[in-house]
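Below are the chains, spelled out letter by letter.
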Amino acid sequence: MPEAAAYPAQMKSDFWVATDTQFYIAGWNTNLVKKGDEPKSYEDLANSKWKSNLIGEDRDYQMLAAFAKRKYNSDEKAMDLFKRIAANQVEFHRGHSDLVELLVGGQSAVCFTCYSHHFPPRIKKGAPIQALLAEGVGEIGGAVSVLKGAPHPEAALLWVRWAISEEGQRVWAQAGETPAHPNVEPLEKVRPTATYMLTIDDIKEFPKYQKLWKEIFQIR
């Protein structure tokens, strides 16, 4: 499909093309973090001033995998960072929607595994939160393909080509998604400046990083 040419290699294969993405980022409550004292990077979250002031989702081992494979190209460096973050006694909760609501409510000063797309709608309603968009971990949210044996493969191919075209991706953006197409921006600023994108090839190593993540944060 000619429309697939615009997509980077990690956003497609011979059988599918990504339609949308989502990003794990850090963010803070502006009532609890003074202006000028905000974290500028994930390394800042290792500072002892955030002790007992961090919340996260205990299943987000993708963070460790992406930092190891995309930011540092080193398991050791990534593990060292998250061990130093873990030393600040992170409080874990299940569910990203609940996590950002706890941040809004002031349960903690900083969330370090929030979804970036959860921030704009809440900020518009006056929530005292701010997203750290300097860096974040990305993953594919959805993809399209034409299945073998599809009853109407020509029609399916037309739809797929439209879905991954700039026109189709703008519709994805209008629906509140973060388009996978590199030339189509989401309606809100939710795509981090530095993105550590996970790919389908990384999935086979997820069990390893899940085990390491649980050991680092002492999660049972």
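An account of the accompanying structure is given in this report.

Criteria and thresholds
Residues numbered from 1 in each chain as written. Predicted model: local features only at pLDDT ≥ 70, side-chain atom pairs only at ≥ 80, totals over all residues. Heavy atoms only, no water. Buried < 20%, exposed > 50% of the residue type's maximum accessible area, 1.4 Å probe, protein only. Helix = DSSP H or I, 4+ residues; strand = E, 2+ residues; numbered from the N terminus. Pairing = 2+ DSSP bridges. Salt bridge = Lys/Arg side-chain N within 4 Å of Asp/Glu carboxyl O. Disulfide = S-S within 2.5 Å. Axes fitted to C-alpha atoms, helices over the stretch in contact; angles between N-to-C directions. Parallel < 35°, antiparallel > 145°, perpendicular 65-115°, else oblique. Contact = heavy atoms within 4.5 Å. Nonpolar A, V, L, I, M, F, W, Y, C, P; charged D, E, K, R; others polar.

1. Description of the pairing of strand S1 (residues 17-29)
Burial analysis of S1 places 13 of its 13 residues in the buried class, which makes it a mostly covered element. The sheet contact formed by S1 and strand S5 (residues 129-144) spans eleven bridges and is antiparallel. Residue pairing in the sheet places tryptophan 28 in a bridge with glutamine 130 of S5. By the bridge criterion, two bridges tie S1 to strand S6 (residues 178-179) in an arrangement that is antiparallel. Directly across from aspartate 20, in S6, lies its bridge partner proline 179. Where S1 meets strand S4 (residues 110-115), four bridges bridge the pair, whose relative direction is antiparallel. Note on S4: the bridge partner recorded for tryptophan 28 is valine 110.

2. Concerning the pattern of salt bridges
According to the stated counting rule, one finds 17 salt bridges in the structure shown. Between aspartate 37 and lysine 49 there is a salt bridge, with its nearest N and O atoms 2.7 Å apart. Taken as a pair, aspartate 37 in the loop between S1 and strand S2 (54-57) and lysine 49 in the loop between S1 and S2 lie far apart in primary sequence, twelve residues in all. Here glutamate 166 ties to arginine 170 by a salt bridge, and the two come within 3.9 Å at their closest N and O atoms. Linking glutamate 166 with arginine 170, this pair stays in helix H6 (residues 166-174), spanning four residues, or about one helical turn. Judged by its relative accessible area of 35%, glutamate 166 falls in the partly exposed class. Through salt bridges with shared partners, a single network forms among Lys69, Arg70, Asp75, Asp202, Glu205 and Lys208.

3. Points about the state of the cysteines
Inspection of every chain in the model, using the stated rule, returns one disulfide. Each sulfur in the disulfide pair cysteine 111 and cysteine 114 lies 2.3 Å from the other. An S-S torsion of about 115° defines the bridge between cysteine 111 and cysteine 114 as right-handed. With respect to burial, cysteine 111 and cysteine 114 carry one shared label: buried.

4. Topic: the packing of helix H5 (residues 153-164) against H6
Between H5 and H6, the shortest axis-to-axis distance is 4 Å and the interhelical angle comes to 70°. In this view, H5 runs roughly perpendicular relative to H6, as classed from their interaxial angle. On H6, the residues that touch Trp159, Trp162, Ala163 and Ile164 of H5 are Glu166, Glu167, Gly168, Gln169, Val171 and Trp172. Among the residues forming the contact of H5 with H6, the class breakdown is six nonpolar, two polar and two charged.

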